Amino acid sequence: MSHRDATEFCRKLTDRERNAGRLPKGWAHRLPTDEQWEYACRAGTTTATAFGDQLSSTQANFNGDWPHHGAAKGPHLGKAVEVGSYRPNAWGIYDMHGNVGEFTATAGRHRGGSWYDSGRNCCSEIFIPDPPSPSEHVGFRVARVPSEEPGPSKP
């Protein structure tokens, strides 16, 4: 998956849903901005993760040899797992920490860390440079947002 692939998917999804009448006028599917992604990840918290300032690989899928901020070492599964294999954040959103990193609207970096990363890279405020080529470590989440398309021009 590349950032370009993810952006193109969102464009095609928007077109398909508009054509089917399932997407209200003035709305679109996009990659979330960094701010939107972090807001959803934190789920109302101010800590390093949605689960507190420590992060163990029993809470999220990352390399358990490198837990965050004094958490106990844990398993390293060495691969992505099915969405929802770990508990969600307080807003019911799964896998914001670990599993696969997620592209945002900002090209060149992704958020959330992956099964390959350390616990620190899975923290809410951290972003990671994108790999030089498409990677199995990075995916994306779609946001439904107000469209930035211009309205009809007035004479």
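In this text the structure is predicted, and so the values were computed from the model without any measurement.

## With respect to the overall build of the chain
At step 1: The secondary structure content of the chain amounts to 2 helices and 6 strands.
At step 2: Starting at the N terminus and walking to the C terminus, you meet the elements of the chain as α-β-α-β-β-β-β-β.
At step 3: Seen along its three principal axes, the alpha-carbon backbone of the chain occupies a region of about 65 × 35 × 25 Å.
At step 4: Look at the contacts in the chain between residues 6 or more apart in sequence, and 58% of them connect residues 24 or more apart.
At step 5: Approximately 8,800 Å² of the chain is accessible, and the part contributed by carbon and sulfur atoms is 54%.
At step 6: Here the chain holds 18 positive side-chain charges and 18 negative ones, and the gap between their average locations is 6 Å.

## Quick notes on helix 1 (residues 3–19)
At step 1: The end-to-end C-alpha distance of helix 1, which contains 17 residues, comes to 25 Å, matching closely the 24 Å that a straight helix rising 1.5 Å per residue would cover.
At step 2: Every buried residue of helix 1 is listed here: His-3, Ala-6, Cys-10, Leu-13, Thr-14 and Glu-17. Each buried residue of helix 1 sits inside an arc of 100 degrees when the element is viewed along its axis, so together they form one side. Seen from the open side of helix 1, the exposed residues pointing more than 90 degrees away from its buried face are Arg-4, Lys-12 and Asn-19.
At step 3: Residues of helix 1 that are buried make contact with strand 1 (27–30), strand 2 (101–103) and strand 5 (138–140).
At step 4: Where helix 1 ends, the next residue or the one after it, Gly-21, has phi of about 80 degrees, a positive value.

## Focus: the sheet that holds strand 3 (residues 109–111)
At step 1: Judged by pairing direction, the sheet is mixed, and its 4 strands sit side by side in the order 4-3-2-5 without closing on themselves. Edge positions in the open sheet fall to strand 4 (127–129) and strand 5, since each of these has one partner strand only. Between one strand axis and the next, the sheet turns through 45 degrees on average, direction left out of account.
At step 2: Summarising the sheet, strand 2 and strand 5 pair through 3 bridges and their orientation is parallel. The residue bridging Gly-101 from the neighbouring strand is Val-138, located in strand 5.

## Re the packing of aromatic side chains
At step 1: All told, the structure shown has 3 aromatic pairs when counted by the stated rule.
At step 2: Plain terms: the ring middles of Trp-115 and Tyr-116 are 5.9 Å apart, the flat faces sit at 85 degrees to each other, and that makes the pair edge-to-face.
At step 3: Above the ring of Phe-127, the side-chain terminus of Arg-109 is found at 3.8 Å from the ring centroid.

## So, the pattern of salt bridges
At step 1: Taken as a whole and assessed by the stated rule, the structure comprises 10 salt bridges.
At step 2: A salt bridge links Glu-17 to Arg-16; the nearest nitrogen and oxygen atoms lie 3.0 Å apart.
At step 3: A salt bridge links Arg-111 to Glu-38, with the shortest nitrogen-to-oxygen separation between them at 2.9 Å. Of this pair, Arg-111 sits in strand 3 while Glu-38 sits in helix 2 (residues 34–42); the two residues are 73 residues apart in sequence, bridging distant segments of the chain.
At step 4: On the basis of relative accessible area, Arg-111 is assigned to the buried category, the value being 3%.
At step 5: Connected through salt bridges with shared partners, the residues Asp-34, Glu-38, Arg-42, Arg-109, Arg-111 and Glu-125 form a single ionic network.

Here is what the cut-offs are and how they apply
Residues numbered from 1 in each chain as written. Predicted model: local features only at pLDDT ≥ 70, side-chain atom pairs only at ≥ 80, totals over all residues. Heavy atoms only, no water. Helix = DSSP H or I, 4+ residues; strand = E, 2+ residues; numbered from the N terminus. Contact = heavy atoms within 4.5 Å. Areas by Shrake-Rupley, 256 points an atom, 1.4 Å probe, with all protein chains shown as cover. Lys, Arg positive; Asp, Glu negative; His and termini not counted. Charge placed at Lys NZ, Arg CZ, Asp CG, Glu CD. Expected span 1.5 Å × (residues − 1). Buried < 20%, exposed > 50% of the residue type's maximum accessible area, 1.4 Å probe, protein only. Arc of directions from axis to C-beta. Pairing = 2+ DSSP bridges. Axes fitted to C-alpha atoms, helices over the stretch in contact; angles between N-to-C directions. Phe/Tyr/Trp six-rings, centres within 6.5 Å; stacked < 30°, edge-to-face > 60°. Lys NZ or Arg CZ within 6 Å of the ring centre and 35° of its normal. Salt bridge = Lys/Arg side-chain N within 4 Å of Asp/Glu carboxyl O.

The values reported here are purely geometric and, on their own, carry no functional implication.
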